[in-house]
Amino acid sequence: MENAAHTLAGLLLARLGFDRAGPAATATVVVASNLPDVDIVGTAWGGQPWYLCHHRGLTHAVVGLFVQGLLLGGAAWLIAGRRSRAPRLAPMLAAAWAGLFLHLGMDGLNNYGIRPWLPFDPRWVYGDLVFIVDPWLWLTLGAGACLGSPARGRPWGWAVFVLAGTALLAVAGRSPPGATVLWGLGMAAVLVTRWRRRSIDTRRRWAVAAAVAAVVYLLGLVALQRQARALGDAALPAQLRAEEGLEVRSLVARPCVPWRYGMLAQTEHRFYRLDLDVLRGTAVLEGWQERHLDDPGIERARDTPEYHAWRVFARHPFAGRWQGDLILGDGRYARDARPSWSNLRVP
């Protein structure tokens, strides 16, 4: 997930009780819920190949999370010790680890994947459940973070968040207008409720209610995902399995529309893309794409960092040509061979 969702999740986790760990506990949880993405700094010297190889690598693995929790929790304990008497180390470590493992769980929801057992097992685990930007998670997590806040003042910061989020959804071009309006109305209702809140004594209840709503939403997505997978499998032609040897099937969640998925069916030589609508019960074959894995340039590129990154990252690998150069791509994020964040260009 992107960092807005991670930050909101960290705030909600703090509102649920982790803010009691000490004076720096809320900040610790929020920082921890974003800390694994510090691996992106390696891009400054390693470029795109480094990013695709190492993002969601050791900093997103159980071993790495344990070490990060020790460092962050220890640092927070030392800082809190200057602000209060005899702070306890164990609660600060628990707050750090809670935020870190929440980050891992959220990243495991989408089709980018995680590698939780590095460095012992490099295999990816894919959730295929939500799009990397999910406004409905923003709504549930944001409601808990806003209504569960101990602050008494007017929620001007949250008002800015709602306006910015609504504008982003409106101009992004990937969300239906109705979804944008519904999201904006939902967050407006949260703001009005917070504005009129006469007591902060019930803030824990609001946080719990929002957390339950987020869990219910995710469970609903699990049910929709199963239906979408069954719908897509039934729509794939029988001869595709028999003649071409179906290798991998993955789902791509559509942004803002939880009942819509894309399916990518991979055979030895090509991809088939289906658009799935669970509510309508339809599965439309959008087209197919050649993989070109017999390109002789692939063999010549074996010693390049681009090739190594491609083999590590690509779930649906394909190759192609762009202006005479070799493109090593991933069918999850690219429909043709041209340079992009997920396609590697080898001169």
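Before any of the text, the structure's been laid out above.
Since the model is a prediction, treat every value here as computed from it, not as a measurement.

Q: Explanation requested: a nonpolar patch on the surface in the structure shown.
A: A contiguous nonpolar surface patch, about 610 Å² in accessible area, is contributed by V63, F66, V67, L70, L71 and F120. Examined against the element boundaries, F120 turns out to sit in the loop between helix 5 (89-107) and helix 6 (135-147). The exposure class assigned to F120 is exposed, which follows from its relative accessible area of 69%.

Q: For this particular structure, what's the right way to read unusual backbone geometry?
A: Peptide bonds are mostly trans, and most non-glycine residues show a negative phi. Of the consecutive residues L118 and P119, the connecting peptide bond is found in the cis state with omega at 0°. Relative to the assigned elements, P119 resides in the loop between helix 5 and helix 6. The phi dihedral of R56 is positive, around 60°, even though this residue is not glycine. Note on placement: R56 falls in the loop between helix 3 (43-54) and helix 4 (62-81). Non-glycine residue Q323 carries a positive phi angle of around 50°. Mapped onto the elements, Q323 comes out in the loop between strand 5 (317-322) and strand 6 (325-330). What makes Q323 exposed here is its relative accessible area of 63%.

Q: Would you mind going over the packing of helix 1 (residues 3-15) against helix 5 with me for this structure?
A: A pair of packed helices is captured by two measures, namely the crossing angle of their axes and the spacing between those axes. Across the interface, helix 1 lies against helix 5 with an axial gap of 10 Å and an inter-helix angle of 135°. Comparing the axis directions of helix 1 and helix 5 gives the class oblique. As helix 1 runs across helix 5, the sense of the crossing is right-handed. Where helix 1 approaches helix 5, its residues A5, H6, A9, G10 and L13 are matched on the opposing element by A98, G99, L102, H103, M106 and D107. Classifying every residue of the contact of helix 1 with helix 5 gives six nonpolar, four polar and one charged.

Q: Explain the sheet that holds strand 3 (residues 270-277) here, please?
A: Strands in a sheet are paired, the pairing made by backbone hydrogen bonds, and the direction either parallel or antiparallel. Strand order in the open sheet formed by four strands is 1-2-3-4, with antiparallel pairing between adjacent strands. Lying at the two open borders of the sheet, with one neighbouring strand each, are strand 1 (248-253) and strand 4 (282-290). Between one strand axis and the next, the sheet turns through 20° on average, direction left out of account. In this sheet, strand 2 (residues 260-266) lies alongside strand 1 in antiparallel orientation, the contact comprising six bridges. Of the residues in strand 2, the one forming a bridge with V248 is Q266.

Q: When you look at the environment of D275 in this model, what are you seeing that I'm missing?
A: Examined against the element boundaries, D275 turns out to sit in strand 3. On a C-alpha basis, the gap between D275 and T28 in space is 41 Å, while along the polypeptide they are 247 residues apart. The residues contacting D275, other than those within four sequence positions of it, are R254, R260, Y261, T282, A283, V284 and E286. Looking at D275, its side chain comes within polar contact range of the side chain of R254, at 3.0 Å. Of the polar contacts made by the side chain of D275, one reaches the side chain of R260; its length is 3.0 Å.

Q: Would you mind going over the nonpolar core with me for this structure?
A: Nonpolar side chains tend to gather and get buried jointly when the protein is soluble and globular. One finds L141, W158, W183, Y261 and L276 to be the most contacted residues of the largest nonpolar core, which totals 49 residues. Broken down by secondary-structure element, the contributors of at least two residues to this core are helix 1, helix 6, helix 7 (156-172), helix 8 (177-195), helix 9 (203-235), strand 1, strand 2 and strand 3. It is helix 6 that provides the largest number of residues to this core, a total of nine residues. W124, I298, A301 and W310 belong to the second-largest nonpolar core, a separate cluster that totals 17 residues.

Q: Hey, could you run me through the sheet that holds strand 7 (residues 344-346) in this one?
A: Reading across the sheet, the three strands line up as 5-6-7 and stay open at both edges, with antiparallel pairing between neighbours. Of all the strands in the sheet, just strand 5 and strand 7 have a single pairing partner and so form its edges. The average angle at which neighbouring strand axes cross in this sheet is 25°, direction not considered. Strand direction decides the pairing type here: strand 6 and strand 7, joined by three bridges, are antiparallel. By the bridge assignment, L328 is partnered in strand 7 with L344.

Q: How should the packing of helix 4 against helix 5 be read in this particular structure?
A: Viewed as axis vectors pointing N to C, helix 4 and helix 5 meet at an angle of 140°, and their least axial separation amounts to 8 Å. The orientation of helix 4 with respect to helix 5, classified from their angle, is oblique. For helix 4 against helix 5, the interelement crossing comes out right-handed. Residues V62, L65, F66, Q68, G69, L70, L72, G73, G74, A76 and W77 of helix 4 form the contact with helix 5, whose own contacting residues are L89, M92, L93, A96, W97, L100, F101 and L104. For the contact of helix 4 with helix 5, a count of residues per class yields 15 nonpolar, four polar and no charged.

Parameters at a glance
- Residues numbered from 1 in each chain as written.
- Predicted model: local features only at pLDDT ≥ 70, side-chain atom pairs only at ≥ 80, totals over all residues.
- Heavy atoms only, no water.
- Patch = residues over 30% accessible without salt bridge, like charges linked within 9 Å, V, L, I, M, F, W, Y side chains within 5 Å.
- Areas by Shrake-Rupley, 256 points an atom, 1.4 Å probe, with all protein chains shown as cover.
- Salt bridge = Lys/Arg side-chain N within 4 Å of Asp/Glu carboxyl O.
- Helix = DSSP H or I, 4+ residues; strand = E, 2+ residues; numbered from the N terminus.
- Buried < 20%, exposed > 50% of the residue type's maximum accessible area, 1.4 Å probe, protein only.
- Axes fitted to C-alpha atoms, helices over the stretch in contact; angles between N-to-C directions.
- Parallel < 35°, antiparallel > 145°, perpendicular 65-115°, else oblique.
- Left-handed = near helix turned anticlockwise from the far one by under 90°.
- Contact = heavy atoms within 4.5 Å.
- Nonpolar A, V, L, I, M, F, W, Y, C, P; charged D, E, K, R; others polar.
- Pairing = 2+ DSSP bridges.
- Polar contact = N/O pair within 3.5 Å; in protein donor to acceptor, adjacent residues only side chain to side chain.
- Core = buried A, V, L, I, M, F, W, Y, C linked by side-chain atoms within 4.5 Å.

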